[in-house]
Amino acid sequence: MNKKLKFAIFGNIYQERKCAAIQKFFAMAQERKAELAIPETFYTFLRDSLKINVPHCEIIKGDDFTADFVVCMGGDGTFLDVASRVGNKEIPIIGINTGRLGFLASFSPDHIEEAISDIYDDNYCVESRSVLQISCDELELEDYPFALNEVAILKHDISSMIGIHTSINDEYLTTYQADGLIVATPTGSTAYSLSVGGPIVVPQSGTIALTPVAPHSLNMRPMVLCDDCEITLRVESRSSNFLISLDGRSHSYPDNLHLRIRKAPYMVKVVTRPGQNFFSTLRRKMMWGADRRM
């Protein structure tokens, strides 16, 4: 007899190629008599744009929902958005990659049936990923103050480089003269941080990486810290403002604020396939050892 499970299904509303994948999932869910919950905007997209006959489901409004599993249809950008909506609920997220590279969304649309069968057979693994939290001494920051990938402190596009005064556990480290500074979790080490020369970090390493963006001095190198550290930043800018970006969600702020970044009090749970490991994912996604001439 099948166990009763409830799935909350999230996805972006820009990818029509997810049509076959979501229909395949709905068929599996109906066969297993699973309960479904879908955000209102995604439900409307499926019904009106993709013309999909959506099964009976609960409509999610805002972030107030419960489920045994969250299913994320999209790429890593969609996964980051879904992770912020799940927040501290500790609901495991199943990422179905209908995007491009997909480090976080680890299941292929071709393997949906296998993935759902494994869920019902308890043949899956759950990885806990650390999250960063940012706060400000002078004012309350906009938006959700947590990031699964990174907190990025950045200059405005046309501004001169900024000065980022950086302390670790109240001990002064340095002042980065740069276009920005990325504070990344191990999960985020293969994202924005990697693109500007940051280190690749194993997800369960218990670390935080500091990676400057286009530093004025070549002596400013990426640095890896224990994740029990508190990082304090103060930004100086000729334009008197700068950007804070949390997993790509950016807002402008006046300079000379005192920012504090630390590990959040909760983890994000990611469902992975049995036997899947970080190193095999790296080889496959980064195409290490592949002969591009073939």
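In what follows, the structure referred to is the one given above.
Residues numbered from 1 in each chain as written. Predicted model: local features only at pLDDT ≥ 70, side-chain atom pairs only at ≥ 80, totals over all residues. Heavy atoms only, no water.

Bringing the side chain of Glu150 into the picture now. On the secondary structure map, Glu150 appears in strand E8 (residues 150–154). Despite its burial, Glu150 pairs with no opposite charge, the nearest such side chain being Arg249 at 8.3 Å. (Helix = DSSP H or I, 4+ residues; strand = E, 2+ residues; numbered from the N terminus. Buried < 20%, exposed > 50% of the residue type's maximum accessible area, 1.4 Å probe, protein only. Lys, Arg positive; Asp, Glu negative; His and termini not counted. Salt bridge = Lys/Arg side-chain N within 4 Å of Asp/Glu carboxyl O.)

The strand order across the open sheet built from six strands is E13-E12-E11-E8-E15-E16, with neighbouring strands paired in antiparallel fashion. In the strand order of this sheet, the two ends are held by strand E13 (223–226) and strand E16 (249–254), each with one partner. Within this sheet the neighbouring strands show an average axis-to-axis angle of 20°, counted without direction. (Pairing = 2+ DSSP bridges. Axes fitted to C-alpha atoms, helices over the stretch in contact; angles between N-to-C directions.)

So, about the pairing of strand E4 (residues 69–74). Counting buried positions over the six residues of E4 gives six, a clear majority of the element. Neither face of E4 is exposed, since Phe69, Val71 and Met73 on one face and Val70, Cys72 and Gly74 on the opposite face are all buried. Sheet topology note: the strand E1 (residues 6–11)/E4 ladder contains five bridges and is parallel. What sits directly across from Phe10, in E4, is Cys72. Two strands pair when backbone bridges link them, and E4 and strand E5 (residues 93–97) are joined in this way by five bridges, in the parallel orientation. Residue Gly74 lies in a different strand from E5, and its bridge partner there is Asn97. Handedness of the β-α-β unit built from E4, helix H3 (residues 76–86) and E5 comes out right-handed. (Right-handed = clockwise from strand over helix to strand, strands pointing away.)

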